[in-house]
Amino acid sequence: MIQRFQHPAIASTFILADQEDISSAILFADRHLKFIWNQDEKELSLTVDGLSLTLLQNQILCCTYNQDIQIPNGDNALVVLFFNKEFYCIHTFDQEVSCNGLLFFGSDFTPVIQLDDEETQSLGFLVEVLKKEFKTVDNNQEEMLRILLKRFIILVTRLARKQLLKVSTNPREIDVLRQFNSLVEEHFKTKKNVGEYADLMNRSPKTIANIFTKLSKKSPLQVIHDRVSMEAKRLLLYTDVPIKSIGYELGYEDYAQFSKFFKKNTGTNPQEFRIKNPGLAKTL
């Protein structure tokens, strides 16, 4: 079942769906941030940007709007929440939810959050309240839905801090990591080294590197390279854009330089990747 709120005047949408209609919801929500929650005892196998991923019971997957998600038809008990920036912008309201650069656009671009029994109950209750609110049509509906979504995001973000970061530490250090991740999402096509991001943040590259060493499984440079690689794979798999043009779009004027970068980070060159993977574009 799909429950959907829309405000046509500002093109805002918020969607709540289950397994029965998830494929339709995904097609509709191509520019939405996404939570996918497997509530079933059965594992859920899906692909994100062509890579296989398994969700265990009471795990939540967080995906951005530029990721391609394929979920096979099945009978898993799923709950999905999709929302676009017109409904709730995590960049604008970062101080409210602090998820930008962690749940979405973080160093791990497909974070999976595990719920325990208490957390499952809390979020399950919140989803039930959301379902009722979708059916309550009045002047307060949009704001109530936004408040409930914000509460959902905050609860999942708290879990992400515990599960995705190495240690619990100074919130200011976490904010540095989140800011770096967010800036990479904004500038990865044009800025390729840590120093350029350090300048934007008015911090030294060494300070940023030390914080990543303390908090993250990846280095700042790995975050940049992984984001560029992910976008390159997406364009190779799901578009007809010629490979040389993809390299240029990602900031590489020289094709050989782009090919060398891609092979170093993925183990294969761009042309081989496009040929060997399903969903490839028609032209090279």
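Everything below is about the structure printed above this text.
None of the values given here were measured: they were computed from a predicted structure. (Residues numbered from 1 in each chain as written. Predicted model: local features only at pLDDT ≥ 70, side-chain atom pairs only at ≥ 80, totals over all residues. Heavy atoms only, no water.)

K.L.:
Even after reading the chapter, I still don't get the side chain of Thr157, so can you show me in this structure?
P.N.:
Mapped onto the secondary structure, Thr157 falls in helix H4 (residues 141-164). Judged by its relative accessible area of 2%, Thr157 is buried. Ignoring sequence-local partners within four residues, the contact set of Thr157 consists of Val97, Ser98, Cys99, Leu102 and Leu103. (Helix = DSSP H or I, 4+ residues; strand = E, 2+ residues; numbered from the N terminus. Buried < 20%, exposed > 50% of the residue type's maximum accessible area, 1.4 Å probe, protein only. Contact = heavy atoms within 4.5 Å.)

K.L.:
Explain the nonpolar core here, please?
P.N.:
Where a protein is soluble and globular, its nonpolar side chains tend to be buried together. Ranked by internal contacts, the top residues of the largest apolar core, which has 67 residues, are Phe35, Phe83, Leu103, Phe104 and Phe180. Looking at which element gives the most residues to this core, the answer is H4, with nine residues. In this structure Phe83 touches Thr13, Phe14, His32, Leu33, Phe35, Tyr88, Ile90, Phe104, Leu149 and Ile153, once residues within four positions along its chain are discounted. In terms of nonpolar packing, the next biggest core, distinct from the first, is built from 19 residues, Val48, Cys63, Leu78 and Val80 among them. (Core = buried A, V, L, I, M, F, W, Y, C linked by side-chain atoms within 4.5 Å.)

K.L.:
How should the pattern of salt bridges be read in this particular structure?
P.N.:
A side chain with one charge may pair with a side chain of the opposite charge, provided their charged atoms come close. For the structure on display, the rule yields 13 salt bridges. The closest approach of N and O atoms between Arg178 and Asp94, which form a salt bridge, is 2.8 Å. Placement of the pair is Arg178 in helix H5 (residues 171-187) and Asp94 in helix H2 (residues 94-97), with a sequence separation of 84 residues. On the basis of relative accessible area, Asp94 is assigned to the buried category, the value being 19%. The partner of Arg178 in a salt bridge is Asp175, with the nearest N and O atoms 3.2 Å apart. Remark: Asp175 and Arg178 occur in helix H5; sequence separation between them is three residues, near one turn of the helix. Taken together, the shared-partner salt bridges in this structure form one network comprising Glu185, Arg227, Glu231 and Arg234. (Salt bridge = Lys/Arg side-chain N within 4 Å of Asp/Glu carboxyl O.)

K.L.:
What exactly am I supposed to notice about the packing of helix H3 (residues 117-134) against H4 here?
P.N.:
Two quantities define a packed helix pair, namely the angle between the helix axes and the distance between the axes. Direction vectors running N to C along H3 and H4 enclose 165°, while the axes themselves pass 10 Å from each other. It follows that H3 is roughly antiparallel to H4 by the angle criterion. In this structure, the crossing between H3 and H4 has a hand that is left-handed. From H3, Glu119, Leu123, Leu126, Val127, Val129, Leu130, Glu133 and Phe134 reach across to H4, where they touch Gln141, Met144, Leu145, Leu148, Arg151, Phe152, Leu155, Val156 and Leu159. (Axes fitted to C-alpha atoms, helices over the stretch in contact; angles between N-to-C directions. Parallel < 35°, antiparallel > 145°, perpendicular 65-115°, else oblique. Left-handed = near helix turned anticlockwise from the far one by under 90°.)

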